[in-house]
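# Chains, contacts and geometry: an overview
So the chains spell out like this:
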Amino acid sequence: MTTPALAAEVSSRLLRPVCADRAAITCDTGWAGPIALPLGDERAVQAACGIMHVHGRATGRPAPLAVDYATATAGVLAAQGVLAALIARARGARISAVRTSVGQAALLALAQYLAAATTDDGPPEPPGCGTATFTSADRVLFECETFDPLRWRRFWQLLGADPGASARGWRPFQQRFATAACPLPAELRGAAGRAAFQAVRTAADEAEVSVVPVACDPRPPSLPPFTVTAHRGPGPGPRDHGGTGARPTLVRPLEGIRVIESTNRVQGPMAGHVLQLLGADVLRIEPLGGDPMRAIPPIAGRCSARFSALNAGKTTTEIDLSTRAGRRAVHELVATADVFLHNWAPGRAARWRLDSDDLHAVRPDLVYAAASGWGRHLPYPPPMGTDYLVQAHSGLAAALRPADEPPAPSLMTLTDLLGGLVCAHGVLAALYTRTRTGGGARVDSSLLSAAVALPRPAGRPRYTPLDRPAPTLDGYLQLGPAARSRPRRTARAVGLPPSAGPKEILTRLRTRPTRLWLLRLAETGLSATEVCTDLRELARDLRFSRALATADHAVPRTPWEFA
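Thresholds applied
Residues numbered from 1 in each chain as written. Predicted model: local features only at pLDDT ≥ 70, side-chain atom pairs only at ≥ 80, totals over all residues. Heavy atoms only, no water. Helix = DSSP H or I, 4+ residues; strand = E, 2+ residues; numbered from the N terminus. Contact = heavy atoms within 4.5 Å. Phe/Tyr/Trp six-rings, centres within 6.5 Å; stacked < 30°, edge-to-face > 60°. Buried < 20%, exposed > 50% of the residue type's maximum accessible area, 1.4 Å probe, protein only. 1 Å grid on protein atoms, 1.4 Å probe; cavity = no way out; pocket = protein on both sides within 12 Å on 5 of 7 lines; lining within 4 Å. Points joined across faces, edges and corners; volume = space filled by probe spheres on them. Nonpolar A, V, L, I, M, F, W, Y, C, P; charged D, E, K, R; others polar. Pairing = 2+ DSSP bridges. Core = buried A, V, L, I, M, F, W, Y, C linked by side-chain atoms within 4.5 Å. Axes fitted to C-alpha atoms, helices over the stretch in contact; angles between N-to-C directions. Polar contact = N/O pair within 3.5 Å; in protein donor to acceptor, adjacent residues only side chain to side chain. Parallel < 35°, antiparallel > 145°, perpendicular 65-115°, else oblique. Left-handed = near helix turned anticlockwise from the far one by under 90°.

### Brief notes about the environment of Gly81
- Relative to the assigned elements, Gly81 resides in helix 4 (residues 69-90).
- Leave out the neighbours within four places in its chain, and Gly81 touches Val98, Trp560 and Phe562.

In structure tokens, the structure reads:
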């Protein structure tokens, strides 16, 4: 079984800017980690851990991402583990090794979907399928975005859509971030298809809706995944200062590091979640009355399962940041903090006088992290900085799908998750630098920079019939690399003559249960993986018990082991 070389490449690239002493830390990135399955490649991990299932909800059947998303995510986790270990060593801990895996990275990427599926509140699977990618009359693929139902209605009214159709379409459109599916009325696609793209843009501008064409070239723009700008000023390093006074341990290498977080949705909370998993003390600032996302179904216990998946274990305080008293409260919190993290809309930090210069005046050695949608790489004002618009613009939507499918963003929130991880990595890079310089820094990252950081081929792949998950009598089977590339061997393994083609093999696979085919293929030295088609089953599967914990809902365990 080969090791995930791409994870090592991603990790090395992320560690290079901070000149980390990688020789001091042994880093082991495997495929399965604590998951008791023979996972040996990206496709196997996507199949077994549920990525194919969630990505495929939009089309009604499991589908692989055409990029090595789980492996690249594991590379980010590996780099984070190395930096956390180095920070802990600088503060007196004896840590020399870290371990993570592609399987654990996949489960972390699905944390919100796992939480929602494993509650007793609401259906485990979304009703219906479909994407939110539209095609104009002049054949331009485009994505639109708004969080305002009145703007949504106005946009479709200007395009001549039936008002009833736009009303029926709002709920699935709004919920696609949670469900990874968007069953829209056909009338809306018809209205989009009758208008030239320039007319679509005009309607979007008048309705104040963001519209972005889907790039058909998978090659990304050139920009770094994050930037760290040093703040020149006196201040003690983490060895001398920790917000709680606690010391790092093997289980919690960031113990004693205090993080103040003012974030919403996925990207920012995920960054804080990663730091909390590594042992940091994370305090969330929420608006008066609490974060409204707490009440979004499905509910687990007394809180939204999706909210809990990224925010459990954090402490909270409620502050009105728009007031002078609220800003004063933030200054008081920052005075004893190591990190301040936000993902506010562009311009809000300056308007509230809570930008990096403002807070560095209070705490010179502070790591100030700003996560955004686009960073500073689009003209101002940019479109809404949401996951699907970033996928569309960055070329990721094209890279995710094979050449025989039109480019379209995955409705699994790929850049939200990866954006949170990249932001957290930037924070760790700045904290590590602070152990050597004692100075603070500003960290900037975005969904766009995270999308660009995901390795992808220059062209879109071409799938053979055996490359996609194969239906069996009771589910789906993902064939391994050899079984896909050597159809003659595969044909013999399933009881067909070697001359049988891919269509005959797929027809044969439909006649028997998945487990039988796994045994037959294994007997001939061919690998294959059962495709997860129900996230609830992962939480019940004892083979995942060391990677998943269950309380009010399933939750991925910490994806690092330190020694």
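There's plenty left to go through after this.
### What to know about the packing of aromatic side chains
- Tallying each qualifying case throughout the model produces 13 aromatic pairs.
- Measuring from centroid to centroid gives 5.8 Å for Phe142 and Phe197, while their planes differ by 50°, and the two rings are tilted. With a gap of 55 residues between them, Phe142 in strand 4 (residues 141-145) and Phe197 in helix 10 (residues 197-207) connect regions that are remote in the sequence.
- Between the aromatic rings of Phe155 and Trp156, the centroid separation amounts to 5.0 Å while the plane-to-plane angle is 65°, which identifies the pairing as edge-to-face.
- On the basis of relative accessibility, which here comes to 0%, the residue Phe155 falls in the buried class.
- Connected via pairs of aromatic rings, a cluster forms that spans Phe134, Phe142, Trp152, Phe155, Trp156, Trp170, Phe173 and Phe197.

### Considering empty space enclosed by the protein
- Summed over the entire model, instances satisfying the criterion amount to two cavities of 30 Å³ or more.
- Each pocket or cavity is described by its volume, and for the largest cavity that value is around 60 Å³.
- Lining the largest cavity, in full, are Leu108, Ala109, Leu110, Ala111, Gln112, Tyr113, Val266, Met270, Leu310, Thr413 and Leu417.
- If you list the elements that add at least two residues to the lining of the largest cavity, you get helix 5 (102-109) and helix 6 (111-117).
- The element contributing the most residues to the lining of the largest cavity is helix 6, with three residues.
- Residues that form the lining of the largest cavity fall into these classes: nine nonpolar, two polar and no charged.

### Here's the deal with the sheet that holds strand 1 (residues 26-30)
- Read from one edge to the other, the open sheet built from three strands follows the order 1-2-20, with strand pairing classed as mixed. What marks the edges here is a single partner per strand, and that holds for strand 1 and strand 20 (561-562).

### What about the nonpolar core?
- In terms of nonpolar packing, the biggest core is built from 140 residues, with Tyr69, Phe155 and Trp156 touching the most fellow members.
- At 14 residues, the largest contribution of residues to this core is made by helix 4.
- Excluding anything up to four places from it in sequence, Tyr69 contacts Glu42, Gln46, Ala109, Met412, Leu414, Leu417, Leu418 and Leu454.

### Looking at the sheet that holds strand 8 (residues 281-286)
- Taken in spatial order, the seven strands make up an open sheet running 6-14-13-12-7-8-11, and their pairing is mixed. Bordering the open sheet on either side are strand 6 (226-230) and strand 11 (315-318), each of which pairs with just one other strand. On average, each strand axis in the sheet is tilted by 20° relative to the strand beside it, whichever way the strands run.
- The sheet contact formed by strand 7 (residues 258-262) and strand 12 (residues 339-342) spans four bridges and is parallel. The partner of Glu261 across the bridge, within strand 12, is Leu341.
- Strand contacts of helix 11 (residues 267-277): strand 7, strand 8, strand 12, strand 13 (367-372) and strand 14 (441-446), with the helix running at about 165° to strand 7, the strand carrying the most contacts.

### Here's the deal with the side chain of Gln267
- With respect to the element layout, Gln267 can be found in helix 11.
- For Gln267, the side chain forms a polar contact with the main-chain oxygen of Ser372, separated by 2.9 Å.
- Apart from the residues lying within four places of it in its own chain, the contact partners of Gln267 are Asn343, Ala371, Ser372, Asp416, Gly419, Gly420, Ser446 and Leu447.

### Examining the side chain of Thr179
- You can see Thr179 is positioned in helix 8 (residues 163-179).
- In this structure, Thr179 is in contact with Arg57 and Pro126, ignoring residues within four places of it in sequence.

### Some thoughts on the pairing of strand 14
- With six of six residues buried, strand 14 is to be regarded as a mostly interior element.
- When strand 6 meets strand 14, the two strands line up antiparallel, connected through five bridges. Within the sheet, the bridge partner assigned to Thr227 lies in strand 14 and is Asp444.

### Some thoughts on the packing of helix 11 against helix 18 (residues 414-437)
- Helix 18 packs onto helix 11 with a crossing angle of 50° between their chain directions and a minimal axis gap of 7 Å. On the basis of their axis angle, the class for helix 11 and helix 18 is oblique. Our pair here, helix 11 against helix 18, has a crossing hand that is right-handed. Residue-level contacts link Gln267, Met270, Ala271, Val274 and Leu275 of helix 11 to Asp416, Leu417, Gly419, Gly420, Leu421, Cys423, Ala424, Val427 and Leu428 of helix 18.
- Residue composition of the contact of helix 11 with helix 18, grouped by class: 10 nonpolar, three polar and one charged.

### A word on unusual backbone geometry
- Following Pro297, the chain continues to Pro298 via a peptide bond in cis, the omega torsion being 0°.
- By secondary structure assignment, the location of Pro298 is in the loop between strand 8 and strand 9 (299-300).
- The backbone of Arg139 sits at a positive phi, close to 65°, despite the residue not being glycine.
- Relative to the elements of secondary structure, Arg139 occurs in the loop between strand 3 (133-135) and strand 4.
- With relative accessibility at 67%, the residue Arg139 sits in the exposed group.
- At Arg353, a residue that is not glycine, the phi angle is positive and equals roughly 60°.

### What to know about the layout of surface pockets
- Quantified by volume, the second largest pocket comes out at close to 990 Å³.
- Taken together, 43 residues form the lining of the second largest pocket, with Gln175, Ala178, Thr179, Ile296 and Pro297 sitting closest to its centre.
- Elements represented by at least two residues in the lining of the second largest pocket include exactly helix 6, helix 8 and helix 12 (305-311).
- Per-class residue counts for the lining of the second largest pocket are 23 nonpolar, nine polar and 11 charged.

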